[in-house]
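# Observations on the three-dimensional arrangement
Residues per chain, in single letters:
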Amino acid sequence: KIVVVGSSNTDMIIQVDRFPVPGETLLGKDFRIFPGGKGANQAIAAIRLGGDVALVARLGRDLFGDQSLENFKKEGLNVQGVVQDKELPSGVAQITVDAAGENTILVASGANNALSTAQVSEHAGLLESADFILMQLEIPLETVTFIVEKYGSTGKKLILNPAPAYHLPVKMYADLHAIIPNQAETRFLTGIRVTNEDTAVHAAAFFHEKGVEVVVITLGAAGAFLSSPDFTGSLPAPEVNAVDSTAAGDTFIGAVTAGLCTGMDWKNAVIFANRAAALSVTKFGAQSSIPFLGQVEKHF
Ligand code: ADP
């Protein structure tokens, strides 16, 4: 069983010809609303791809919060750990996309910032039932640190996607089973720019030296680099017609965790995740682009 502890946001996207400047009012084009947030995206990827998944998240008691909760239920997630804050609004992201496909993103975390150690403690039963605990950094670092300290040496497998990149307390690493950064996050955390296998091995060594057992560095269209006790090397992603890479990383991480949860070893889980994430970039949107297990099996 997988428990994801993480963020949920509502993405609001306006297409514009060009970005407005301060003080300017500009008429945009299409407006669209999508459910998002790394925690919710990864939980939905994991359940669509065969995992048994519970989500611990914090929403507002507002329209967006109600919609997110409905969405989680529709996906089949266990929502016992999803709380609606009495005061804070739901997390939102205001996104503008210009004619060149460039974007600006403004996030107001709202209730995500109140996903506290107290909420985690209230749902201790849920976390205790987990084989895998999956986390990102869109909730307070203190909460992530608390979970890692509490469950790091209980035999549960803790997986961290260090996104967005923050400096982590060094002692946290020893309790992580796996860390899954992309290239930018890897550079931020290790100072190493991963451009080939040599640099990937070096970057992975940075994490291993601090006690992380498994390191996966995602490499966009090139797939991923896996450094584990059983296998170390690059695993390419299938070639696809890429149209939108939003949530590719989230799909990859949810898929890896679902693969492990259904009994795959790390190498096969990464191969599976490359396939699922590659399929996700052939479609627009975040959660709307996350494939189901049957689609991945049919396609590859
Ligand atoms: P992020 O979305 O966090 O920046 P990456 O860009 O590394 O992460 O992408 C995550 C995963 O998505 C990759 O490891 C790969 O499996 C898949 N992926 C991303 N872009 C492509 C692409 N153009 N073609 C095929 N697979 C892709």
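Residues numbered from 1 in each chain as written. Predicted model: local features only at pLDDT ≥ 70, side-chain atom pairs only at ≥ 80, totals over all residues. Heavy atoms only, no water.

### Remarks on the pattern of salt bridges
Following the criterion strictly, the structure yields five salt bridges and no others. With its nearest N and O atoms 2.5 Å apart, the salt bridge here joins Glu 24 to Arg 18. What makes Glu 24 partly exposed here is its relative accessible area of 28%. Arg 18 gets classed as partly exposed once you look at its relative accessible area, which sits at 42%. When the shortest N-O distance is used, the salt bridge between Asp 85 and Arg 58 registers 2.8 Å. (Salt bridge = Lys/Arg side-chain N within 4 Å of Asp/Glu carboxyl O. Buried < 20%, exposed > 50% of the residue type's maximum accessible area, 1.4 Å probe, protein only.)

### A short note on helix H2 (residues 63-75)
For H2, spanning 13 residues, the distance from its first C-alpha to its last is 18 Å, which sits close to the expected 18 Å at 1.5 Å a residue. Gly 65, Ser 68, Leu 69, Asn 71, Phe 72 and Glu 75 are the residues of H2 that are buried. Along the axis of H2, the buried positions cluster into a sector of 160°, meaning they face one direction only. Turned more than 90 degrees away from the buried face of H2 sit Leu 63 and Lys 74, all of them exposed. In this fold, the buried residues of H2 make contact with strand E2 (9-15), strand E3 (31-36), helix H1 (38-48), strand E4 (53-60) and strand E5 (78-85). Looking at the residues trailing H2, positive phi occurs at Gly 76, about 90°. (Helix = DSSP H or I, 4+ residues; strand = E, 2+ residues; numbered from the N terminus. Expected span 1.5 Å × (residues − 1). Arc of directions from axis to C-beta. Contact = heavy atoms within 4.5 Å.)

### A look at the nonpolar core
Counting 44 residues, the largest nonpolar core has Phe 72, Leu 77, Val 216, Phe 252, Val 256, Trp 266 and Val 270 as its most contacted members. Sort the elements by how many residues they give to this core and helix H9 (residues 266-280) lands first, with eight residues. Not counting residues up to four positions away in its chain, the partners in contact with Trp 266 are Ile 159, His 177, Ala 178, Val 214, Val 216, Leu 226, Val 256 and Leu 260. Counting residues in hydrophobic clusters, the runner-up holds 36 residues, among them Ala 124, Tyr 173, Leu 189 and Ala 203. (Core = buried A, V, L, I, M, F, W, Y, C linked by side-chain atoms within 4.5 Å.)

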